[in-house]
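# Architecture and fold: a report
What follows is each chain in one-letter form.
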Amino acid sequence: MTEITRDVVIVGAGAAGLTAANELRKAGLSVAVLEARERVGGRLWTDVIDGAMLELGGQWVSPDQDALIDTVAELGLETFSRYREGDSVYVGPDGAVSRFTGEMFPVRPETERVIDEITHRLDAMVAEIDPDRPYAHPKAEEWDTVTWDAWLRQQTEDDEAVRNLAFATGSAMLTKPTHAFSLLQSLLMAASAGSYSNLVDADFILDKRVVGGLQQVPVLLAERLGDDVFLNRPVQTLEWSDAGVTAHAEGLTVRARSAILAVAPVLYNRISFVPPMPRLQHQMHQHISMGFVIKVHAVYETPFWRDNGLSGTAFSPYEICHEAYDNTNHDDPRGTLVGFVAGQNADDMFRLSEAERKDAILESLSHYYGPEAKDTVVYYESDWGTEEWTRGAYAASFDMGGLHRYGADLRTPVGPIHFACSDIAGAGYQHVDGAIRMGRLAARNILEDGRV
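Residues numbered from 1 in each chain as written. Predicted model: local features only at pLDDT ≥ 70, side-chain atom pairs only at ≥ 80, totals over all residues. Heavy atoms only, no water.

### Structural notes on the overall build of the chain
Looking only at helices and strands, the chain has 17 helices and 24 strands in total. On C-alpha atoms alone, the chain measures out to a radius of gyration of 22 Å, which is about the 22 Å that the 2.2 N^0.38 rule sets for 452 residues. C-alpha atoms of the chain, sized along the principal axes, occupy 65 × 50 × 40 Å. Counting every position in the chain, which comprises 452 residues, the buried fraction comes to 58%. (Helix = DSSP H or I, 4+ residues; strand = E, 2+ residues; numbered from the N terminus. Rg over C-alpha atoms; globule rule 2.2 N^0.38 Å. Buried < 20%, exposed > 50% of the residue type's maximum accessible area, 1.4 Å probe, protein only.)

Pasting the structure below:
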């Protein structure tokens, strides 16, 4: 058993933990980062599958994500724009395929009017939400005790309008059925990106990618820390008191003045706390759960859809793959599509055999792009639900009523223990940008609390 002493021990080598560690090191403090996996990056993971470089986790950079943009630039990384020239595709309730340009789906004029009216209403509501304090809104309790689906259906009887409005924060972001989370949780998701309109604008929210993959951000941050990053070291026990903390991992013990838990809240229960966490935290963390989405990577000899005048952007609340995009790598002659299967559809897909699931998903993609979509040279499904140290995707959110009940306590330190991850961010919630912001905040709070 090796025993070391540091000013701060950080659990988790994702973007949040590594950002916090680098900020603390800049301030002259010593750190140790303990990571359960054999790699850094958390939900950022770039790998080569059957000869194709695939971003298995997070990958996009939006123009409002200042913390991420600054970090990418500071690390000397380059970005490139997502391909978006040509028509987008929409599949309607009757299975009819329509090509279109612009933001609005090609729906009936009456449905378009309803979508536009409710979008403006939502933008006005979101403008009143502080993404760092959604629970402080005067209507927080009211909005947190009605489901996102129920609220939308109170606004209109147009089912197609409801499905398309629900999509942005349901399948596309929280990746849970729309009856499983509240209006307030949906408004927070939109507020974290600046507006509801931003979330439905694919050209905004899915703007750029990093050449070589977004996982380079944590990889380069970890390189700066050198031997202070310890892989394959899941923390089993964390002893804590006003005097400091002691983190016990297999073969390693770290004594420190403070700790940062830089992992998703759903993983806190993998650690035995001595003494136990306070009652409030025990209750709060039981009301937070991960969403679930399958990220589908389909690689082809060429980006054939471009020759057909398609951008690769496709949507439908009626399809197994509710959205898909051109995900071709920078300067790659081959073409790559990325599709997403979320919530109940994802559950249903994993009740099928591997071959049946692939056939069903590629059939869905073919509805957008034609029969050529079934002829892949590489096919891969990112299934974060089976990742022991993740357990879902993209991120964690509260169940019904949990946000207004516990939101104010989500980031509150417990003695010397601080918290940092994208799941508890305001701006950049669920994104790498939010993870970086929370890493900076945790480091700043430690520097200010006088323990080190």
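Resuming the write-up.
### Describing the packing of helix α1 (residues 15-26) against helix α17 (residues 432-448)
Where α1 meets α17, the closest approach of the two axes is 7 Å, and the angle between their N-to-C directions is 40°. Classified by chirality, the crossing of α17 by α1 is right-handed. Every residue of α17 that contacts α1 at Ala 15, Ala 16, Thr 19, Ala 20, Glu 23 and Leu 24 is listed here: Val 432, Ala 435, Ile 436, Gly 439, Arg 440, Ala 443, Ile 446 and Leu 447. (Axes fitted to C-alpha atoms, helices over the stretch in contact; angles between N-to-C directions. Left-handed = near helix turned anticlockwise from the far one by under 90°. Contact = heavy atoms within 4.5 Å.)

### As for helix α6 (residues 159-167)
In terms of burial, α6 is largely enclosed, as seven of its nine residues are buried. N-cap assignment for α6: the residue whose side-chain oxygen lies 3.1 Å from the backbone N of Glu 160 is Asp 158. (Polar contact = N/O pair within 3.5 Å; in protein donor to acceptor, adjacent residues only side chain to side chain.)

### Section: the UniProt feature "binding site: FAD" (unreviewed entry) in the chain
Following the UniProt record, the feature "binding site: FAD" (unreviewed entry) maps to Glu 35, Ala 36 and Val 235 here. Over a stretch of 201 residues, the named residues converge on one spot in the fold, their C-alpha atoms separated by at most 8.0 Å. Residue placement: Glu 35 occurs in the loop between β3 (31-34) and β4 (46-49). The class for Glu 35 is buried, based on a relative accessible area of 4%. Considering the arrangement of structural elements, one finds Val 235 in strand β12 (residues 235-241). Among the residues examined, Val 235 registers a relative accessible area of 8% and is labelled buried. Setting aside its immediate chain neighbours within four residues, Val 235 contacts Val 11, Leu 34, Ala 247, His 248, Ala 249, Arg 270 and Ile 271. (UniProt positions renumbered as here; feature names shortened; annotations may be inferred.)

### Describing the sheet that holds strand β13 (residues 244-249)
Spatially, β1-β14-β13-β12-β16 is the arrangement adopted by the five strands of the open sheet, whose pairing is mixed. Two strands lie at the open edges of the sheet, namely β1 (2-5) and β16 (272-274), each paired on one side alone. Between one strand axis and the next, the sheet turns by 15° as a mean value, whatever way the strands run. One ladder, built from three bridges, connects β12 with β16; its direction is parallel. In the strand pairing of β16, Thr 237 is matched with Ser 272. (Pairing = 2+ DSSP bridges.)

### Description of the domain arrangement of the chain
Splitting the chain by domain gives domain 1 (2-43 + 215-288 + 398-449), domain 2 (46-65 + 72-84 + 205-212 + 293-383) and domain 3 (107-199). Centre-to-centre separation of domain 1 and domain 3, based on C-alpha positions: 31 Å. Summing both sides of the interface, domain 1 and domain 3 together bury roughly 1,500 Å²; the carbon and sulfur share of this comes to 59%. Among the residues domain 1 hides against domain 3, the three largest losses belong to Met 400, Leu 403 and His 404. Together they make up 41% of the total. (Domains from an automatic or database assignment. Buried area = accessible area lost by both parts, 1.4 Å probe.)

### A short note on the side chain of Ser 186
Of note, Ser 186 is situated in helix α8 (residues 183-191). On the accessibility criterion, Ser 186 (2% relative accessible area) is buried. Apart from residues lying up to four places away in sequence, Ser 186 is in contact with Trp 148, Thr 169 and Phe 181.

### A closer look at the packing of aromatic side chains
Counting across every chain of the model gives 18 aromatic pairs. Aromatic pair Tyr 268 and Phe 419: ring centres 5.5 Å apart, planes at 40°, arrangement tilted. Within this pair, whereas Tyr 268 is found in the loop between β15 (258-261) and β16, its partner Phe 419 is found in strand β24 (residues 417-419), the two being separated by 151 residues in sequence. Across the pair, Phe 419 and Tyr 268 agree in class, each one buried. Among the aromatic residues, those joined into a cluster by ring pairs are Trp 60, Tyr 90, Phe 100, Phe 105, Phe 167, Phe 315, Tyr 325, Phe 340 and Tyr 394. The residue whose ring lies beneath Arg 39 is Trp 45, and the NZ or CZ to ring-centre distance is 4.3 Å. A cation sits over an aromatic face here: Arg 306 above Tyr 83, 3.8 Å from the ring centre. (Phe/Tyr/Trp six-rings, centres within 6.5 Å; stacked < 30°, edge-to-face > 60°. Lys NZ or Arg CZ within 6 Å of the ring centre and 35° of its normal.)

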